[in-house]
Amino acid sequence: MLRWLVSILLMLLPSLVLAGKPPAIVPGDPALILERLPSGYAALEPSASGKPAPPLTHAVQLLTIASRTGDARLAARADAMLSRFPANDDSPAVLRARAFSAQHRHDFAAALQLLDKLITKDPRDGDARLSRIQLQLVQGRLDRARSDCGSLALGVDSDLGLLCAAAISLRTGNTDAAAAMTDRWLAGAKTDPETRRYVLVMRAEIASRAGSADADQWFQQALALAPGDVRTLAAYARHLRATGRNRAVLTLLTDASNNDGLQLQRALAALAAHDPSAPAL
């Protein structure tokens, strides 16, 4: 009897699942907007350039925009593309992409293993060392971060070594030293906008931690380079909330993407400000 009931349930299950979904429709109006995709998404589609990018390049592009917009759909697509490469493929480009992906989904143990392999292959890989330092700082492994920092500063890349030393100084509460080092880096002729955005956010967080009045200016400079960057917006929102400007958070995030982290900042700010939007958020 039980086997018969289970069989009936299994046959009915697809219908029961479908019954909980809204009815499928085919829009009759070609101007109807079904979904708003993140900025830069269309440029990643093969039809945009007429020539599709190699799979590995495409996966890294997806992860880069996922980091900037917080859109997990792009990261999921990148993971699917990376999974098609052989598991034993330990070429530097594949290792780097897999480490980027693992770090994006907060699988820090896997990211560290991949970065370890990269650095073993090329001890002078400054980007891999800086990524490993960032993960070590997140996990509170300051001694290991200092060791990598010394390797960067003395024999690999003095500019990255400066950033590393600034990050460690910030982590240990030495805001004066951290500010001096980031100011020195920013005074140089650096052209990479993503790295500059990262350093500007670090400088803003240093100012915020120190209670300096210029923190907002640093955050705004970072946003000017990447207006919709979720990492910058989240850091700025945390600073505004920490200084009691909860309504400024709501203004800042009015047109922000529907990212979980940003929505959390909105909800906390609305609650603290007794804003009518708080219950819905």
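**Comments concerning the overall build of the protein chain**
Secondary structure summary: the protein chain contains 15 helices and zero strands in total. Here the protein chain holds 281 residues, and 37% of them are scored as buried. Here the analysis covers contacts within the protein chain between residues at least 6 apart in sequence; of these, 46% occur between residues at least 24 apart. As presented, the protein chain carries roughly 16400 Å² of accessible surface, and 58% of it is formed by carbon and sulfur atoms.

**Observations regarding the pattern of salt bridges**
Pairs may arise between side chains of opposite charge once their charged atoms sit close together. This model, assessed by the stated rule, comprises 16 salt bridges. With a shortest N-O distance of 3.3 Å, Asp-79 and Arg-105 are connected by a salt bridge. Residue Asp-79 is located in helix 4 (residues 72-82), and its partner Arg-105 is located in the loop between helix 5 (92-104) and helix 6 (108-121); the two are separated by 26 residues in the primary sequence. Since its relative accessible area comes to 28%, Asp-79 is described here as partly exposed. Taking the relative accessible area as the measure of exposure, Arg-105 reaches 47% and is therefore partly exposed.

**Remarks on the packing of helix 13 (residues 230-242) against helix 15 (residues 260-272)**
Contact pair helix 13 / helix 15: the axes reach a minimum separation of 9 Å and the direction vectors enclose 20 degrees. For the element pair helix 13 / helix 15, the angle class is roughly parallel. Along this stretch, helix 13 crosses helix 15, giving a crossing that reads as left-handed. Counted together, Val-230, Leu-233, Ala-234, Ala-237, Arg-238 and Arg-241 of helix 13 and Leu-262, Gln-265, Leu-268 and Ala-269 of helix 15 form the full contact between these two elements. For the contact of helix 13 with helix 15, a count of residues per class yields seven nonpolar, one polar and two charged.

**Considering the packing of aromatic side chains**
For any two aromatic rings, the description comes down to two numbers: the centre-to-centre distance and the angle of the planes. On inspection of all chains with the given rule, the structure shows one aromatic pair. With 4.8 Å between their ring centres and 15 degrees between their planes, Phe-219 and Tyr-236 make a pair best called stacked. Taken together, the residues span a long stretch of sequence, with Phe-219 in helix 12 (residues 215-225) and Tyr-236 in helix 13 at a distance of 17 residues. Residue classification places Tyr-236 among the buried residues on the basis of a relative accessible area of 7%.

**A short note on the environment of Asp-157**
Structurally, the position occupied by Asp-157 is in the loop between helix 8 (142-156) and helix 9 (158-171). The class for Asp-157 is partly exposed, based on a relative accessible area of 29%. Along the backbone, Asp-157 and Asp-127 are 30 residues apart, and their C-alpha atoms lie at a distance of 9.2 Å. Within the structure, Asp-157 has its side chain in polar contact with the backbone nitrogen of Leu-160 (distance 3.1 Å).

**Looking at the confidence of the model for the protein chain**
Predicted coordinates in areas of low pLDDT are best not read in detail. Considering every residue of the protein chain, the mean pLDDT works out to 86; 87% of them sit at 70 or more. In this model residues 1-18 is a low-confidence stretch, pLDDT under 50, and it forms one contact with partners more than four residues away in sequence or in other chains.

**Brief notes about unusual backbone geometry**
Phi is mostly negative for residues that are not glycine, and the peptide bonds are mostly trans. Backbone geometry places His-106, a non-glycine residue, at a positive phi of 65 degrees. Assignment of secondary structure puts His-106 in the loop between helix 5 and helix 6. Unlike most non-glycine residues, His-274 shows phi in positive territory, near 55 degrees. For His-274, the position within the fold is in the segment after helix 15.

**As for the side chain of Asp-125**
Among the secondary structure elements, Asp-125 is positioned in the loop between helix 6 and helix 7 (126-138). By relative accessible area, Asp-125 is classed as buried at 9%. Among the polar contacts listed, one links the side chain of Asp-125 to the backbone nitrogen of Asp-127, at a separation of 3.4 Å. Here Ala-128 takes part through its backbone nitrogen, which lies 3.1 Å from a polar atom of the side chain of Asp-125. Those residues within four positions of Asp-125 in sequence are excluded, and the remaining contacts are Arg-96, Leu-118 and Val-156.

Calculation rules
Residues numbered from 1 in each chain as written. Predicted model: local features only at pLDDT ≥ 70, side-chain atom pairs only at ≥ 80, totals over all residues. Heavy atoms only, no water. Helix = DSSP H or I, 4+ residues; strand = E, 2+ residues; numbered from the N terminus. Buried < 20%, exposed > 50% of the residue type's maximum accessible area, 1.4 Å probe, protein only. Contact = heavy atoms within 4.5 Å. Areas by Shrake-Rupley, 256 points an atom, 1.4 Å probe, with all protein chains shown as cover. Salt bridge = Lys/Arg side-chain N within 4 Å of Asp/Glu carboxyl O. Axes fitted to C-alpha atoms, helices over the stretch in contact; angles between N-to-C directions. Parallel < 35°, antiparallel > 145°, perpendicular 65-115°, else oblique. Left-handed = near helix turned anticlockwise from the far one by under 90°. Nonpolar A, V, L, I, M, F, W, Y, C, P; charged D, E, K, R; others polar. Phe/Tyr/Trp six-rings, centres within 6.5 Å; stacked < 30°, edge-to-face > 60°. Polar contact = N/O pair within 3.5 Å; in protein donor to acceptor, adjacent residues only side chain to side chain. pLDDT = per-residue confidence, 0-100.

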